[in-house]
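# Coordinate inspection notes
The residues making up each chain are set out below.
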Amino acid sequence: MLASTAFIIAFAFQGIAADSPLGAEDALVVTEISETVLMVEGFGGNATVISTMDGVFLVDSMMQPASEALNALIVERFGASPRAMINTHHHSDHSIGNDVFNASGTLTIAHTFLRHRIAYRRYSDLSERWVEPRPVERLPVTTYEDEMSLFWGAETIRIYHPEAAHTGGDSVAHASLANVIATGDIFVHGVWPIIDFYAGGSVDGTIAALAEIYELADDETVIIPGHGPLATRADVLAYREKLLEMRGVTLAAIAEGISREAFVESDPFLIIAPEWQPWFVDSGWLAGEFHDNLGVED
Amino acid sequence: MKTLIIGASMLVFAASVHAQQRELTFEPTELRGGVVMLSTGAGGNIAYLDGADGILLVDDLLGGTGPLVEAAIADIAGEGVPRFILNTHYHGDHTGSNDHFHAEGSTIVAHHNIRTRLASSDDQSEYGFLPIMTFGADIHFHMNGETIRAFHVPAAHTDGDAIVYFEGADVLHMGDTLFSGIFPYIDVAGGGSVDGYLEAMEIGLQIARPDTQVIPGHGPLSTREDIQAAIEMLVASRAIIMPMVENGMTLEEVIAADPLAEFHDDWNWGFICTPRMVATLYFDAAGDTGTSPLATRCN
């Protein structure tokens, strides 16, 4: 069992909808994994905070107003804004708060695809409209293609890019000393997963990335998912097995010539993971996306 | 940034370097896009870009020169502590001020193998010398309106070389994969190789256009023609020496035959004199990666 304590930091915010699937807009839920490692839940994806002799390393920047509150929490607790931050992928709930950290002198890092995806005007086939680039204040300063490492005091944080997983620009962060892996949305805990096929994600890449995360971890490793509570590598394995089963069901249906529509109608994934909660997406959505992705001829 | 009068603005600092009194003269050359090359004649050429997003510095000279480098940059840019320092390789004439700038808050960035080599070195193994951010294939910085790409070229001058390209400015810092107009030092004991060295220069050629400003690790500001000339010299020299090694000649016999006489006048210099260039190619052809060409006497 993971030894950790959680507390809630409320902050005043006159916001929009109170019940967002992305979490409370007016509070951060802080889980203390150790004196130097925090998981922070709030408006947006989970953030991971690791404090070292050479500064604080942050995974993901959340969404305003949580981003400001997250920065303030780190300053109050560790004495300075993060020295560096990695975006696990380009989705707004993990990266739109980058401006807060760029303005604080944080070295913002991401995979090259991520920056490319948000730095240029592009046509979205999904929403059938032009999407404007994000302002430079929200772009990462540093990008990498394959892998990189931070050697900060006694901590070593390896950042690597699993190909075509949740998106085409994912990063996973593995802190060896803290024994923590932040997975981004390659692994979400307790909700139906999203695989962003429109931005380079894939079923097979996700399954491969989950295997790699499992292999990197040991039984004591704290796995911080993109959304949901703390996990262990056993949770990652169980999650992967469900995705594998869904993949098998989808491939069988495609082989039988079952159409996407009929496949979604039969809701074949629900029985595989009845405990996963619907949020932005549900079992039927995922079944349709699997059918699309796995039905593509090589 | 202040306007520079190219070549005319000489910054002179006196300081103790390696425990002896020494004077360094920083000669700044303003390149395109606001990139500034600083040459001292002692240690590798360094270059920096400054702006609202901070200073990015490529290489940081000899041990003990940190305050001088900082002052030289500050004299032009107004502020002298870089946000990032990229090390092009591990040698002490390119990483000597890492400790100074680490203590000042700079983030030292380098290929993985630079950290490994420094960590096992005699005089630069202290924590501050070690890069705290390392990369494998490449790393890019998007700052001050510029895109700076550093990418690893394997087994070239050492096993941890990076070539740095300022994309918008079209300025290419080759590190020590280019000794411009002088015989190159290929540190085979440090993981370099003649093949990899040639490959690195070929990559430099692929990037460089006719107008690209090329900063060599050592030597004056250059162009792609200088890379081309260095490749031609090295290929020709290797073609001369390789059959001599295959014929079983000893190093002494090869040196005595003066096989690189045609290149001597143009390429010979104090550090890699002609006999050392011969030795470099001799050991490479013989598959001897354990003997340094620097063990060969120059006369």
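The model shown is predicted, which means the values in this text are computed figures rather than measured ones. (Residues numbered from 1 in each chain as written. Chains lettered and ligands numbered in written order. Predicted model: local features only at pLDDT ≥ 70, side-chain atom pairs only at ≥ 80, totals over all residues. Heavy atoms only, no water.)

## Some remarks on the pattern of salt bridges
All names here are of chain B.
- The tally for this structure, following the rule as stated, stands at 13 salt bridges over all chains.
- In this structure, Arg149 engages Glu167 in a salt bridge whose closest nitrogen and oxygen atoms are separated by 2.5 Å. Remark: Glu167 occurs in the loop between strand E11 (161–166) and strand E12 (171–173) and Arg149 occurs in strand E10 (residues 146–153); sequence separation between them is 18 residues.
- Residue Arg149 is classed as partly exposed on the basis of its relative accessible area, which comes to 28%.
- In this structure, the salt-bridge partner of Arg238 is Asp195, at a minimum N-O distance of 2.6 Å. Highlighted residues: Arg238 in helix H6 (residues 224–246) and Asp195 in helix H5 (residues 194–207), separated in sequence by 43 residues. (Salt bridge = Lys/Arg side-chain N within 4 Å of Asp/Glu carboxyl O. Helix = DSSP H or I, 4+ residues; strand = E, 2+ residues; numbered from the N terminus. Buried < 20%, exposed > 50% of the residue type's maximum accessible area, 1.4 Å probe, protein only.)

## Here's the deal with the side chain of B:Thr88
Residues and elements named next belong to chain B.
- Take Thr88: it is sitting in the loop between strand E6 (84–86) and helix H2 (92–95).
- There is a polar contact of 2.7 Å between the side chain of Thr88 and the side chain of Asp59.
- In this structure, Thr88 is in contact with Val58, Asp59, His94, Ile114, Gly160, Asp161, Ala162, Val164, His173, Gly175 and Asp176, ignoring residues within four places of it in sequence. (Polar contact = N/O pair within 3.5 Å; in protein donor to acceptor, adjacent residues only side chain to side chain. Contact = heavy atoms within 4.5 Å.)

## Quick look at the state of the cysteines
Residue and element names in this part refer to chain B.
- Applying the stated rule across the entire model yields one disulfide over all chains.
- Bridging Cys273 to Cys298, the disulfide has an S-S length of 2.1 Å. In this structure the cystine formed by Cys273 and Cys298 twists about its S-S bond by roughly -90 degrees; its chirality is therefore left-handed. Taken together, the residues Cys273 in the loop between helix H8 (261–267) and helix H9 (274–286) and Cys298 in the segment after H9 connect sequence positions 25 residues apart.
- Assessed through its relative accessible area of 3%, Cys273 is described here as buried. (Disulfide = S-S within 2.5 Å.)

## With respect to the pairing of E10(B)
All names here are of chain B.
- Most of E10 is tucked away, with seven of its eight residues classed as buried.
- Here strand E9 (residues 138–143) folds back onto E10 in antiparallel fashion, the turn holding two residues, of which Asn144 has a positive phi close to 55 degrees.
- Here E10 runs beside E11; their pairing, made up of six bridges, is antiparallel. In the strand pairing of E11, His152 is matched with Ala162. (Pairing = 2+ DSSP bridges.)

## Quick word on the packing of H6(B) against H9(B)
Residues and elements named next belong to chain B.
- Contact geometry for H6 and H9: axes closest at 9 Å, N-to-C directions at 60 degrees. Taken as axis vectors, H6 and H9 run oblique relative to one another. Regarding H6 and H9, the two cross each other, and that crossing is right-handed. For the pair formed by H6 and H9, the contact residues are Leu234, Ser237, Arg238, Ile241, Met242 and Val245 on the first element and Met277, Val278, Leu281, Tyr282, Ala285 and Ala286 on the second.
- For the contact of H6 with H9, the per-class residue count stands at ten nonpolar, one polar and one charged. (Axes fitted to C-alpha atoms, helices over the stretch in contact; angles between N-to-C directions. Parallel < 35°, antiparallel > 145°, perpendicular 65-115°, else oblique. Left-handed = near helix turned anticlockwise from the far one by under 90°. Nonpolar A, V, L, I, M, F, W, Y, C, P; charged D, E, K, R; others polar.)

## Topic: unusual backbone geometry
Residue and element names in this part refer to chain A.
- With an omega of 5 degrees, the peptide bond running from Gln64 to Pro65 counts as cis.
- By the secondary structure assignment, Pro65 is in the loop between strand E5 (55–59) and helix H1 (66–78).
- Despite not being glycine, Asp60 shows a phi value in the positive range, around 75 degrees.
- Locating Asp60 in the fold gives a position in the loop between E5 and H1.
- A relative accessible area of 1% places Asp60 in the buried class.

## Some remarks on the nonpolar core
- With 56 residues, the main nonpolar core has A:Val40, A:Leu70, A:Met246, A:Phe269 and A:Phe290 as its most contacted residues.
- Discounting residues that sit within four places of it in the chain, A:Val40 has contacts with A:Leu28, A:Val29, A:Val30, A:Gly45, A:Asn46, A:Ala47, A:Val49, A:Met62, A:Leu70 and A:Leu73.
- Grouped together as the second largest cluster of nonpolar side chains are 48 residues, A:Ile33, A:Leu150, A:Ile224 and B:Met143 included. (Core = buried A, V, L, I, M, F, W, Y, C linked by side-chain atoms within 4.5 Å.)

## As for the interface of chain B and chain A
- Facing the 22 residues of chain B at the interface are 22 residues of chain A.
- Together, the buried faces of chain B and chain A total about 1,700 Å²; carbon and sulfur atoms form 50% of this surface.
- Scanning the region where chain B abuts chain A turns up zero salt bridges.
- Counting across the chain B and chain A interface gives 17 residue pairs in polar contact (both at pLDDT 80 or more).
- Counting residues per element, the ones that place at least two in the side of chain B that touches chain A are helix H4 (112–119), strand E8 (133–135) and E9 of chain B.
- The leading source of residues in the side of chain B that touches chain A is E9(B), at six residues.
- Here the residues of the side of chain B that touches chain A sort into ten nonpolar, nine polar and three charged.
- Note: strand E11 (residues 147–152) of chain A against E8(B), three bridges, orientation antiparallel. Paired with A:Ser149 across the bridge in E8(B) is B:Thr134. (Buried area = accessible area lost by both parts, 1.4 Å probe.)

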